[in-house]
Amino acid sequence: MSHILFTPDAVATTLERIRAATPLVHNITNIVAANSTANALLALGASPAMVSAEEEVESFAAMAAALVVNIGTITAPQAAAIARATRAAQAAGTPWILDPVAVGALPFRARVAVESLAHAPRAIRGNASEILALAHLREGHAEPPPAGRGVDSLQAAEQALHAAGRLARATGASIVISGATDYITDGTRIATVANGHTMMTRVTALGCTATALAGACLAVEPDATAACAHAMVLIGVAGERAARHAAGPGSLQVRLLDELYHLDRDTVTREARIAILAP
Amino acid sequence: MSHILFTPDAVATTLERIRAATPLVHNITNIVAANSTANALLALGASPAMVSAEEEVESFAAMAAALVVNIGTITAPQAAAIARATRAAQAAGTPWILDPVAVGALPFRARVAVESLAHAPRAIRGNASEILALAHLREGHAEPPPAGRGVDSLQAAEQALHAAGRLARATGASIVISGATDYITDGTRIATVANGHTMMTRVTALGCTATALAGACLAVEPDATAACAHAMVLIGVAGERAARHAAGPGSLQVRLLDELYHLDRDTVTREARIAILAP
Amino acid sequence: MSHILFTPDAVATTLERIRAATPLVHNITNIVAANSTANALLALGASPAMVSAEEEVESFAAMAAALVVNIGTITAPQAAAIARATRAAQAAGTPWILDPVAVGALPFRARVAVESLAHAPRAIRGNASEILALAHLREGHAEPPPAGRGVDSLQAAEQALHAAGRLARATGASIVISGATDYITDGTRIATVANGHTMMTRVTALGCTATALAGACLAVEPDATAACAHAMVLIGVAGERAARHAAGPGSLQVRLLDELYHLDRDTVTREARIAILAP
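Predicted, not measured: the structure shown is a model, and the values here were computed from it.

**Q** Give a detailed account of the environment of Ser-174 of chain C, specifying residues and quantitative values.
**A** All names here are of chain C. Along the chain, Ser-174 falls in strand β6 (residues 174-178). In this structure Ser-174 comes out as buried when scored by relative accessible area, which is 4%. Residues Ser-174 and Ala-226, spaced 52 residues apart in sequence, show a C-alpha to C-alpha distance of 9.0 Å. Once residues within four sequence positions are removed from consideration, Ser-174 is found in contact with Arg-122, Ala-123, Ile-124, Thr-185, Asp-186, Ala-224 and Thr-225.

**Q** Please give an account of the relation of the copies chain B and chain C that cites residues and values.
**A** Overlaying chain B with chain C gives an RMSD of 0.0 Å, the required rotation being 120° about an axis along which the chain moves by 0.0 Å. Here the copies are linked by what is in effect a three-fold axis. Closest approach to the rotation axis within chain B is made by the C-alpha atom of Ile-31 of chain B, at a distance of 3.4 Å. Little of the interface of chain B is mirrored in chain C, where only 7% of its interface residues again form contacts.

**Q** Can you break down the interface of chain B and chain C residue by residue, with the values?
**A** Between chain B and chain C, the residue contacts involve 28 residues of the former and 28 residues of the latter. Here chain B meets chain C over a buried area of about 2,200 Å², counting both sides, of which 58% is carbon and sulfur. On inspection of chain B and its partner chain C, the count reaches one salt bridge. Residue Arg-109 of chain C is joined to Glu-56 of chain B by a salt bridge in which the shortest nitrogen-to-oxygen separation is 2.7 Å. Between chain B and chain C we count eleven residue pairs in polar contact (both at pLDDT 80 or more) in total. Taken together, the elements giving at least two residues each to the side of chain B that touches chain C come down to α2 (34-44), β2 (47-50), α3 (54-63) and α10 (249-262) of chain B. Here the element with the most residues in the side of chain B that touches chain C is α2 of chain B; it accounts for seven residues. Taken together, the residues of the side of chain B that touches chain C sort by class into 16 nonpolar, nine polar and three charged.

**Q** Can you explain the packing of helix α5 (residues 107-116) of chain C against helix α6 (residues 128-138) of chain C? Please cite residues and give values.
**A** Residue and element names in this part refer to chain C. Taken N-terminus to C-terminus, the directions of α5 and α6 make an angle of 70°; their axes are 10 Å apart at the nearest point. With respect to their mutual orientation, α5 and α6 come out roughly perpendicular. Residues Ala-110, Ala-113 and Val-114 of α5 lie in contact with α6, whose contacting residues are Leu-134, Leu-137 and Arg-138. Split by residue class, the contact of α5 with α6 holds five nonpolar, no polar and one charged.

About the thresholds
- Residues numbered from 1 in each chain as written.
- Chains lettered and ligands numbered in written order.
- Predicted model: local features only at pLDDT ≥ 70, side-chain atom pairs only at ≥ 80, totals over all residues.
- Heavy atoms only, no water.
- Helix = DSSP H or I, 4+ residues; strand = E, 2+ residues; numbered from the N terminus.
- Buried < 20%, exposed > 50% of the residue type's maximum accessible area, 1.4 Å probe, protein only.
- Contact = heavy atoms within 4.5 Å.
- Least-squares fit on C-alpha atoms with pLDDT ≥ 70 in both.
- Buried area = accessible area lost by both parts, 1.4 Å probe.
- Salt bridge = Lys/Arg side-chain N within 4 Å of Asp/Glu carboxyl O.
- Polar contact = N/O pair within 3.5 Å; in protein donor to acceptor, adjacent residues only side chain to side chain.
- Nonpolar A, V, L, I, M, F, W, Y, C, P; charged D, E, K, R; others polar.
- Axes fitted to C-alpha atoms, helices over the stretch in contact; angles between N-to-C directions.
- Parallel < 35°, antiparallel > 145°, perpendicular 65-115°, else oblique.

Below, the structure written as structure tokens:
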């Protein structure tokens, strides 16, 4: 029934909606990703704003079309801002997405991430280690499962799918597990996206960028699982195209923005590799 | 009389003065723009330093050749640092410029921006929405005029000119309204700069970069209206040249730095589109 | 005896060890350098993580393979985090390196830098002004020697060598003085690296990047003087190669990452200009 949302054509429609609406995407993000994600959102056609102060986040999250929360360089004041922003987003009906960067390695951010789940994130995107750790921590384990180390994904995305399903059903969020193939699930349906390029793992903040683009998609597509899958296609197709001519990860970071800017219905329809597996 | 300052030749002279003096430009800026503006200042020939701690800003603002204050990702500690830095700059005679990013949308930063006006900024640069909002807020209105949304300029630059004139006369600052044509006014004279390229609106932090370059110009050109107009020419010409060969906004961001580095008297004299309208 | 460590071949071996081990490099860094240094570490083959919260740095510094401390945009909370992180690194045996950005100009960061020396940094990298100032301040002078201004090096690297020797012997750290020729000393041995390109001085955060790469080298090479010299070769060779085709500093920043990614034994062996002078 909703299978029509998991097609190249539906991705292209989401892209066109972003271009038409230029949704204001509120980002609470880290110092590594701030410039990259602002540029990616602009290149795609959205209107980014980075606003992190406790004094400002509530009203801004309420007026924004989507909120992106990234804990990559979390500090105590930012943690307080995240609590306020996510509560305000929930109250205002602003869809919001969590990027639980390195959540498995560090108890402070683990607490921030788990507590934010009470404010009904529409989506969560991480690598396999991060999703596995977050699911585990949310279930009350004091420690994440072993093998999480920094932001590397030491488990294959496939292995985290079971945990993602539990996390989705418990929180109501759609979960993205990034990897060579991305998995997106709401606990019932499972979509896959096979776009992307291995050199993207050597560019910093592309996971954060994927999350930010998912924020833009959530602003225009109410089915969060579809919105997230569309975002993974958009960054994946742009990344593949960028990698084709990139001389290395520096060039790839630059060309990815050029490609996001030039994405159109034809390109997306031709190159998207999106599918829905279940139910 | 001062018309000679609003010529391509005068812009080239300011550029050469920056290259000769390598002025130390103190930036209190946001996490999106920090890398971009440091690189732009270096490429132009200035010496940037980003210093934001309350413990450090007073002595640094006093020793710097110019101070750039940007509230894009303002926090409470940064607000306190801005109060100290701008007071110290005023006391030391360091010219300083304010970039009131998104001032219309958020009361906390509105208060920071309005209070800083007491410390005699030499210049203020924003888009039409921001200048309109700042003028309105300074005049004691609790709310900015409608239509400000994030960092987008929803009013045409022309519409904000009247407010800019009032703001200039009340504060003593020269006001830059960025847009397809930039307007720069001290409340009496109005200069225009018609350089730039529309793709520049799809690269983050180029407004912040313009403000930072204006800081470098203020360090070597005492007429603040001229200094700001020169900065808008320099970034505009570099942006046009970059856009000519850029494959998209990612490439544009990179080439803009290359072009700033290569700007010289010939190029500036040939390509500057600067004029003074009044009185 | 240890001369074999100061050869092009030894640099290539360090590079290969980094690629094999992908060491987790913990960075407490500034808002200008965060993206650049994360990308450089990824391009080289290391695994960067930027973690600055007081609540997180102790456990992370203990689990990381190296810690990089950069005071470029220091704040009071970050100063507290640095104290904790460096103590934890010392206790855990994690090698750590200090980048005392602009230490001569600002007393607050001077105190942070000098106090951190009690926690046994394995290395310190700065320009001549910074090393001269740090040595001076550590010796109890209230003021650094004159001529430090921002991050510019106003003294030639050679002039700071004497101070570096004293600093090395007093702290046990190997000291890198960056310049046209880099000097690296442990107070007894003096190594030199003559790679690099003058256009690199017009790209922001490349000093910070050198320090971060030294962190990666310290993770795999226990001789800190050798590790630092190897890092200066790696960034210098990549920078030279990047500059050969760069259209300006913007392109140079991008191509430097591409070149770091493609560095291999052949290139390093052919292009490294490393020597040991004494004893």
